[in-house]
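# Chains, contacts and geometry: an overview
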Amino acid sequence: MTGLSYLYAVALGSNRAGPGGASPRAMVAAALAALDDGPLTLLDASPVMDSAPQGPSRRRYANGAALVASRLLPDAMMAQLHAIEETLGRRRARRWGPRRIDLDLILWSEGSFATDDLVVPHRAFRTRAFVLGPLLALAPEWHDPVTGHTVRQLHARLHRRKPVDRPGPPH
């Protein structure tokens, strides 16, 4: 890749079988392969982890993260991610529903980006273990441009025991 290139952190998730009965883990693998094609260069990928669903879905997720280089600006990058989702059979139905593949733009090397349709960093990534866990394996020192915290610090804060979690004094 020559010329100006940006670095992106992309979260991947699947909790529904794909074409031919491909498992959610296979769907994440297929998305990773697609992140290394055309205007995208896959630089690194986290191990895939299983996580509990959020919202009404009962199916467990396969989640991962990827570091991707591209000349695309964030809005064009998000359009590319949507095209990959569509190619892999994603149909946008209801929020929090089961999905073959979900690709989210989490962080951008240039800091923040906002339009009516896209906000980077992703608004909710700081509170999602299924994003921070895989991202910790790839980019622990990447700073969130909004809070100034590293991915490592955000992950630790999310998993820090809270006073209500600590055992009380014996009775």
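Attention here is on the structure that accompanies the text. As the structure is a prediction and not an experimental result, all values here were calculated from the model.

## Remarks on the packing of aromatic side chains
Summed over all chains, the structure comprises two aromatic pairs. Relative to Phe113, the ring of Trp108 lies with its centre 5.9 Å away and its plane at 85 degrees, an arrangement referred to as edge-to-face. Here the two residues Trp108 and Phe113 agree in accessibility, since each one is buried. Three or more aromatic residues link up through ring pairs in this structure, and these residues are Tyr6, Trp108 and Phe113.

## Structural notes on helix H1 (residues 24–34)
Taken together, the buried positions of H1 are occupied by Met27, Val28, Ala31 and Leu32. Viewed end-on, H1 has its buried residues packed into an arc of 145 degrees, placing them on one side of the element. Next to the buried residues of H1 lie strand E1 (6–14), strand E2 (40–45), strand E4 (61–70) and strand E5 (102–108).

## A few points about the packing of helix H3 (residues 129–138) against helix H4 (residues 151–159)
Between H3 and H4, whose axes approach to 9 Å, the crossing angle comes to 135 degrees. Classified by the interaxial angle, the pair formed by H3 and H4 is oblique. In this structure, H3 crosses over H4, and the sense of that crossing is left-handed. From H3, Ala129, Leu132, Gly133, Leu135 and Leu136 reach across to H4, where they touch Val151, Arg152, Leu154, His155, Leu158 and His159. In terms of residue class, the contact of H3 with H4 is built from seven nonpolar, three polar and one charged.

## Topic: the side chain of Ser14
Position of Ser14 relative to the elements: it lies in strand E1. Looking at Ser14, the relative accessible area reads 0%, which means it is buried. There is a polar contact of 3.4 Å between the side chain of Ser14 and the backbone oxygen of Arg16.

Definitions and cut-offs
Residues numbered from 1 in each chain as written. Predicted model: local features only at pLDDT ≥ 70, side-chain atom pairs only at ≥ 80, totals over all residues. Heavy atoms only, no water. Phe/Tyr/Trp six-rings, centres within 6.5 Å; stacked < 30°, edge-to-face > 60°. Buried < 20%, exposed > 50% of the residue type's maximum accessible area, 1.4 Å probe, protein only. Helix = DSSP H or I, 4+ residues; strand = E, 2+ residues; numbered from the N terminus. Arc of directions from axis to C-beta. Contact = heavy atoms within 4.5 Å. Axes fitted to C-alpha atoms, helices over the stretch in contact; angles between N-to-C directions. Parallel < 35°, antiparallel > 145°, perpendicular 65-115°, else oblique. Left-handed = near helix turned anticlockwise from the far one by under 90°. Nonpolar A, V, L, I, M, F, W, Y, C, P; charged D, E, K, R; others polar. Polar contact = N/O pair within 3.5 Å; in protein donor to acceptor, adjacent residues only side chain to side chain.

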